[in-house]
Amino acid sequence: MKNMKIRSQFLLIVLPLILCSYVILIISTNLVFYQDIIVKQQKEVRDETNIVASQIEKAFTNMASCCKVISRDLNYDENKLLVTKQPKSPLEEYQRDQAIRSVLYSNVIFFDEVETLAFIDQNRKLHVSDTRLEENWSQEACDALLSPLYKIGNVDVWVEAGRREYLTADQDSVVITLSKNIMDMASGSQMGQVFANISETSLRKYYKELENPKSSWYIITDLNGTIISSSDESKLLTHVEDPNIMEIISGMPRQGDVQREFWMDGQKVMATGVYMKTLKYALINITSLRAVKEPVDHLFYTFIAICAVTILAAVILIFFFSGRITRPLSRLVEEIRKVEDGNFKVELSRTGSDEIEKLSTEFNYMMSCIDQLFETVKAKERQKEKLRFSLLQSQIRPHFFYNTLDLVYALISMDRAEDARCAVKALADFYRIALSSGKELITIEREASNVENYLLLQHMRRSDVFTYEIEIDPAISAYLIPKLTLQPLVENAIYHGLRCQDKPGLLRVTGALSEGGIVLKVIDTGIGMSRKQAKSVLLDPQERGSHFGLRNVDERIKLYFGEQYGISINSGEGEGTEVSVRIGIREETENE
């Protein structure tokens, strides 16, 4: 090296350092970013498919619930008399038809998933919620629908999905029908049969917005591989041709959720399948791996290209500006090495020669893209959590609604009209606040009012179990809180604390300012729980039992206010339970 020129010596010393730095950076980038992002996107597709499947399963479950509600409505004394009694005059027949049609109309409106309803009475007369269902109706059609229901009792029977000319609002659409015998609850005899319809286009809406025709699409099939739902209408009721997809479908009853990679139509794809038990259907998501990896590959190749250009520029600059380049390059290597330690917020200073400034700009842009990509993944994760919370919220409404309707019915039967009016008003106020025009945050005043309505209804049903008090400081009434925060806590206190003891208890709800935040408490004098149980309710990720609502409330609070806020539980066996909710101070704005 003594005989070499200074430029050559500088090149031999500096160039290997630059090369090593970039090689290490490329390798670390691939290990840290590439696989991690691919795995996260694969998990995201699996979670998205599971959410879509759960929404479709919920639609099928609500169809079954609709048939049960119709059975209950037709067994009410007045309706039951009209349905089972043979009409003796045109007026009585008209009254009978109107009563049945009213039941069908009200349930179609209440259950959004159900598109149309039909009822065949003991005289084989057809009653419908939509007059289009009467088109092409015949004795043969009636026999075809009723034959599977003979001698099976009060059991749900799903009619095979397909197109038909009768009992459908659109003869060109694939329709899925749930049929059920309506039984006289007193005698056990048949009163008639009800049929609930949902079309393939209604199932499609659950996944249509998530599809990309070039990279990701969904299909719903039965276990024989017949396509029940697809955005490509030409594939409806055809058989799945790809053997890999058929292998996934055939193995679902044993394996449950499946995710595999294989080649299809000249490209490698990832197929994610979720088994839907209600109708034994399979929801299949097919995603092109090229589309999944393309953003990461593009960023990776861009990074390699930038590195190559930078090295070439460095070699040229060494020959011409060796003295001026040495110090900036050393600083550049030091900054790049910080990335190896996991610091992705590195921003190179734009000093030195023009080429170094350009290198710094390109590197900063690359790191900004990586950071934005991570933020996008995090945003999607947060959106998934919100969707899961909304799903939990929707799941608790029907159960509470039906129980309250039973309460109102009982009050009316006991001639307690004033109590019935009070219960109906409380129920209406509860759902008005719970829905809140789609808002996720409401004032503490409205949340307290919501809990008061809920406690009023529960106390009407269980006055021998508990009494209650609500003490909310007016100073916090205007601050915001996620809606349905207190209701799950109150419900847990009643069902798992107060109801489980032999004596009446007291339930108190309080709220006040505390050390820069707001603390609301739900206190009961129930049976309590051990310190270990109280700790595991919020910390054990496997806890999916009766306290699942508490964990969701805790996660929602952290989502909206930060990790320092949430729920704490203080309890002891036989000492009652105190659940504290700590939230930040947040005032309502025009956007909330």
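Located above this text is the structure these notes cover.
The numbering scheme is per chain: residues are counted from 1 as the chain's sequence reads. Given that this is a predicted model, residues contribute local features only at a pLDDT of at least 70 and side-chain atom pairs are listed and counted only at 80 or more, while totals for whole chains, interfaces and linings are drawn from all residues. With hydrogens and water excluded, all non-hydrogen atoms of the structure serve as input to the side-chain values.

### Brief notes about the environment of Ser 449
Thinking step 1. Following the sequence through the fold, Ser 449 ends up in helix 10 (residues 444-461).
Thinking step 2. The partly exposed category is assigned to Ser 449, whose relative accessible area is 30%.
Thinking step 3. Taking C-alpha positions, Ser 449 is 9.6 Å from Ile 470, a pair spaced 21 residues apart along the chain. Put simply, DSSP marks the helices as runs of H or I at least four residues long and the strands as runs of E at least two long, and each gets a number from the N terminus on. Think of it in three bands: with a 1.4 Å probe and only protein chains considered, a residue is buried below 20% of the maximum accessible area for its type, exposed above 50%, and partly exposed in between.

### Description of the packing of helix 2 (residues 77-84) against helix 3 (residues 90-110)
Thinking step 1. Fitting a line to C-alpha atoms yields each axis, with helices limited to the stretch in contact; the angle taken between N-to-C directions then spans 0 to 180 degrees. Axis separation between helix 2 and helix 3 bottoms out at 9 Å; the angle between their running directions is 125°. Classified by the interaxial angle, the pair formed by helix 2 and helix 3 is oblique. Taken as a pair, helix 2 and helix 3 cross one another with a handedness that is left-handed. Together, Asn 79, Leu 82 and Val 83 of helix 2 and Gln 95, Arg 96, Ala 99, Ile 100 and Val 103 of helix 3 make up the contact between the two elements.
Thinking step 2. Gly falls in the polar group here, along with every residue not listed as nonpolar (Ala, Val, Leu, Ile, Met, Phe, Trp, Tyr, Cys, Pro) or charged (Asp, Glu, Lys, Arg). Of the residues in the contact of helix 2 with helix 3, the class split is five nonpolar, two polar and one charged. The labels follow the angle: roughly parallel below 35 degrees, roughly antiparallel above 145, roughly perpendicular from 65 to 115, and oblique for the rest. Each crossing gets its handedness from the near helix: less than a right angle anticlockwise from the far helix is left-handed, clockwise is right-handed. Any two residues having at least one pair of non-hydrogen atoms within 4.5 Å are treated as being in contact.

### Brief notes about the pattern of salt bridges
Between side chains of opposite charge, a pair can form when the charged atoms approach closely.
Thinking step 1. A pairing counts as a salt bridge when a side-chain nitrogen of Lys or Arg comes within 4 Å of a carboxyl oxygen of Asp or Glu. Under the defined criterion, the tally for this structure stands at 23 salt bridges.
Thinking step 2. Glu 578 is paired through a salt bridge with Lys 521; the nearest N and O atoms lie 3.6 Å apart. Of this pair, Glu 578 sits in strand 17 (residues 577-583) while Lys 521 is found in strand 15 (residues 517-524), placing the two residues 57 residues apart along the sequence.

### Structural notes on helix 4 (residues 139-146)
Thinking step 1. Where helix 4 is concerned, the buried positions are Ala 141, Cys 142, Leu 145 and Leu 146. Projected down its long axis, helix 4 shows its buried positions confined to an angular sector of 125°, all on one face.
Thinking step 2. In this structure, the buried side of helix 4 is in contact with strand 1 (116-121) and strand 5 (190-199). Here the arc refers to the set of directions running from the helix axis out to each C-beta atom.

### Section: a nonpolar patch on the surface
Thinking step 1. Residues with no salt bridge and a relative accessible area higher than 30% make up the patches, which join like charges within 9 Å and nonpolar side chains (Val, Leu, Ile, Met, Phe, Trp, Tyr) within 5 Å. Computed with the Shrake-Rupley method and a 1.4 Å probe, the accessible areas treat only the protein chains shown as cover for residues. A grouping of Leu 12, Ile 13 and Leu 17 is seen on the molecular surface, where their side chains present a nonpolar patch of about 280 Å² in accessible area.
Thinking step 2. Considering the arrangement of structural elements, one finds Leu 17 in helix 1 (residues 6-74).
Thinking step 3. The exposure class of Leu 17 is partly exposed, given its relative accessible area of 45%.

### With respect to the sheet that holds strand 17
Thinking step 1. Judged by pairing direction, the sheet is mixed, and its five strands sit side by side in the order 12-14-15-17-16 without closing on themselves. Edge strands, defined here as strands with exactly one partner in the open sheet, are strand 12 (466-472) and strand 16 (566-571). When strand polarity is set aside, the average angle formed by the axes of neighbouring strands in this sheet is 15°.
Thinking step 2. The strands touched by helix 10 within the sheet are strand 12, strand 14 (505-514), strand 15 and strand 17, with strand 12 carrying the most contacts at an inclination of about 170°. A pair of strands is labelled paired if DSSP reports no fewer than 2 bridges between them.

### Here's the deal with the packing of aromatic side chains
Thinking step 1. Classification of ring pairs uses Phe, Tyr and Trp, with its six-membered ring standing for Trp, and accepts pairs whose centres are within 6.5 Å; under 30 degrees between planes counts as stacked, over 60 as edge-to-face, and the remaining range as tilted. A complete count under the given rule lists eight aromatic pairs for this structure.
Thinking step 2. For the pair Trp 137 and Tyr 166, a centre-to-centre distance of 6.5 Å together with 65° between the ring planes defines the contact as edge-to-face. Highlighted residues: Trp 137 in the loop between strand 2 (126-128) and helix 4 and Tyr 166 in the loop between strand 3 (156-162) and strand 4 (175-183), separated in sequence by 29 residues.
Thinking step 3. Judged by relative accessible area, which is 23%, Trp 137 ranks as partly exposed.

### Looking at the sheet that holds strand 2
Paired through their backbone hydrogen bonds, the strands of a sheet run either parallel or antiparallel.
Thinking step 1. With respect to topology, five strands assemble into an open sheet ordered 2-1-5-4-3, the strand pairing being antiparallel. Two strands in the sheet have a free side with no partner beyond their single neighbour: strand 2 and strand 3. Taking each pair of neighbouring strands and ignoring which way they run, the sheet shows an average axis angle of 20°.
Thinking step 2. Taken together, the five bridges between strand 3 and strand 4 define a ladder with antiparallel strand orientation. Directly across from Val 157, in strand 4, lies its bridge partner Ser 179.
Thinking step 3. Running over the sheet, helix 3 touches strand 1 and strand 2 and is turned about 150° from strand 1.

### A look at unusual backbone geometry
Thinking step 1. Unusually for a residue other than glycine, Asp 265 sits at a positive phi of about 55°.
Thinking step 2. Note that Asp 265 resides in the loop between strand 8 (258-264) and strand 9 (267-276).
Thinking step 3. Backbone geometry at Leu 484 places phi at a positive 60°, although glycine is not the residue there.
Thinking step 4. Its place among the elements puts Leu 484 in the loop between strand 13 (480-482) and helix 11 (486-498).

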